[in-house]
Structure formats: structure tokens, C-alpha cells
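# Coordinate analysis (summary)
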Amino acid sequence: MNFARLKLRHLQCLVMVAQERNLVRAAKALALTQPAVSKTIAELEDIVGRQLLLRRRRGVELTPAAEVLVRHSVAALRGLREGLGLALEQPELDQLQVAVGALPNMAAHLLPVAVAALHARAPALRVRVASGTNAQLMTQLRQGEIDLVLGRLAQASAMADLAFEQLYSEPLLLVARPGHPLAAQRRPKLDALAAYPMVMPVSGTSIRHTADAFLVAQGMALPRCLVEATDTSFAVGLLQCADAVWFAPQGAVEGFLARGELRRLAIDTASTEGPVGLTMRRGGEVGEGARLLIEAIHEAVRRRGG
């Protein structure tokens, strides 16, 4: 088989003939003449060294070789269309772009505000937001897959070659749905949490270490019914349909609290406060897109009063 002679038109023609089972109808669908379709099929038969069509009185039939080739041609043409579509979605080399990793406390409130303000000033800027755990995002940052990370300060072991700029500090909060039995109590006891399912950050994350340390310092073990999650929409959805309590970063829930969709339990968690800010590669100069986003983030923090 001489692959150098194989053209896209050969595969397109074969697929259409296989679909129509008639050379005249296939030619009409391809906006060609019937002789042109016959010639293209003949060329393809010469290339593959096999007969592909059996001419019948009312149309054509595919040979076994053609059946195999059609299946693979359909897959190849579909893959090519998908690839071209994805290529067209990629920004031009000279188009400003920025990739930012956002932890839940930033992705739920501060980052959307910053991106909205940014697009008002630079509508052509292309923003990609990546989510994941702190450790996952730091790895992507170090490998150059993203330009910066927004969230809590990572553990010292994860900060090699990275620099952190603190924007403000925030605690973890204990929150529940407005009708939760503990939401109406003025001073619920911490051990009362053991009677309810608790949503906690995923084990191994920096905020999970903070939450665990808080419970240990208060002499409380982890609740028997424990759900580990970092996805804000899942946690909120669970709280809305169950008497669960969520140990969440303040930034992830402050919008829900302001709208009355969640209630903060009156339990003092001030000791869980930690630094929140920007993490970037040390010594690396950020691109223009990242610089504009960082300016928008600073402005959003100033408006927030952080």
C-alpha cells in the first residue's frame, strides 16, 4: 500500500458511498459527478490493492475489505474534525492569556470577582482556571502548566522554588443549612458535632491538617460519619439535603452565608486562621496576562476589605 498517494478525499468518498450504497446519490451528496466518484474509488482500490465495491443493479455493496476500511475511515475523519475544532479553540500566539490554579476558597468568591473586572478592561484576555488540591496545583505551577495559584499557603515542603505573597488571612468555619438543629443554638458545644455527618477537606491537604489540629486541640476525635471533599458545589448540595456540618474555608462559603443559603455555627474557630494569597515561581517573570490578573486580584482584595 502506498500511503503517500492516499488523500482525504479518498476516505470521504468511500464513507459517503458506504452510507448511500449508490454512486449517484453519493456524488450528489459530495457535490461531484458520478464519474468523479467512480474514479476516486478506483484510485483508492489501486492504493489499497483490494476491490472495495461490488456493482449491483440497484447500487453497490461493500467488500469485506471495504467494511473494515470504512470503520477506520469514519473514526479517522471524526478524530480529524475534533482535532481541528480543538485547534480553532486555542488562542493565537500573540493573544494574551493566563492560566491560574484556584483552591476552593478563591474559586468560589474572590477569583470570579477579579476575572469579571479583568474582562471589563481586557475582554480579549483568555483565562483558564485549574482546580485541584494545593499539592496538585503547586506541581502544575512548578512545571509551568499554570502561571500562579490562589489559595492558602502550602506546606513548606511544597514551596521549593516557589514564592508566596500574602493577601489576607482567613479561618476555617463550621457551617450548615439554615434549618440545621445546631444553627439556631447560641453556643453549641463542639462535641455536639459528633452526632452529625461532617464534611472535611481531603486528607493530606494543608487545610485538612489545620482542621485536624483544631479538633485535636479541642479534645475531639473525628466524627464517625465523615465525608472528605474539596468540591464546593458537592458540599453545599449535601448540606442542603442532610443535617451535615461542613468544616470549610471562609472564602469558599462567604457568598452562601451572605445570601442566607448557609449558616455559620457559633463555634469559635479563630485558631484555624491561616494566610491566603498568590503563589508564583520564584525568580520567574510573569507574562502580561498574568500581570493583569494579579492587578485585578489586588483590586478585588482592596474592595473586599481584606
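Right, let's walk through the structure included here. On a predicted model such as this, the values are computed, not experimentally measured, just so you know.

### Concerning the sheet that holds strand 9 (residues 226-228)
Across the sheet, five strands lie side by side as 9-8-10-7-11; this open sheet has mixed pairing. Every other strand in the sheet has two partners, leaving strand 9 and strand 11 (263-264) as the edge strands with one partner each. Taken together, the two bridges between strand 7 (residues 172-176) and strand 11 define a ladder with antiparallel strand orientation. Its bridge partner lying in strand 11, A176 is registered against R263. The sheet strands contacting helix 8 (residues 232-241) are strand 7, strand 8 (198-200), strand 9 and strand 10 (245-249), and the helix crosses strand 10 at an angle near 150°.

### Concerning the pattern of salt bridges
Summed over the entire model, instances satisfying the criterion amount to 13 salt bridges. Among the ionic pairs, R208 bridges to D212, the shortest N-O distance being 2.9 Å. Linking R208 with D212, this pair stays in helix 7 (residues 206-217), spanning four residues, or about one helical turn. On the accessibility criterion, D212 (23% relative accessible area) is partly exposed. E299 is paired through a salt bridge with R302; the nearest N and O atoms lie 2.7 Å apart. In this pair, E299 and R302 both sit in helix 10 (residues 288-304), three residues apart, roughly one turn of the helix. Here R302 falls in the exposed class, since its relative accessible area comes to 56%. Shared partners join several salt bridges into a network, and the residues in it are R208, D212 and E228.

### Focus on the side chain of S206
Tracing the chain through its elements places S206 in helix 7. In contact with S206, not counting residues within four places along its chain, are N134, L153 and Q155.

Rules used throughout
Residues numbered from 1 in each chain as written. Predicted model: local features only at pLDDT ≥ 70, side-chain atom pairs only at ≥ 80, totals over all residues. Heavy atoms only, no water. Pairing = 2+ DSSP bridges. Helix = DSSP H or I, 4+ residues; strand = E, 2+ residues; numbered from the N terminus. Contact = heavy atoms within 4.5 Å. Axes fitted to C-alpha atoms, helices over the stretch in contact; angles between N-to-C directions. Salt bridge = Lys/Arg side-chain N within 4 Å of Asp/Glu carboxyl O. Buried < 20%, exposed > 50% of the residue type's maximum accessible area, 1.4 Å probe, protein only.

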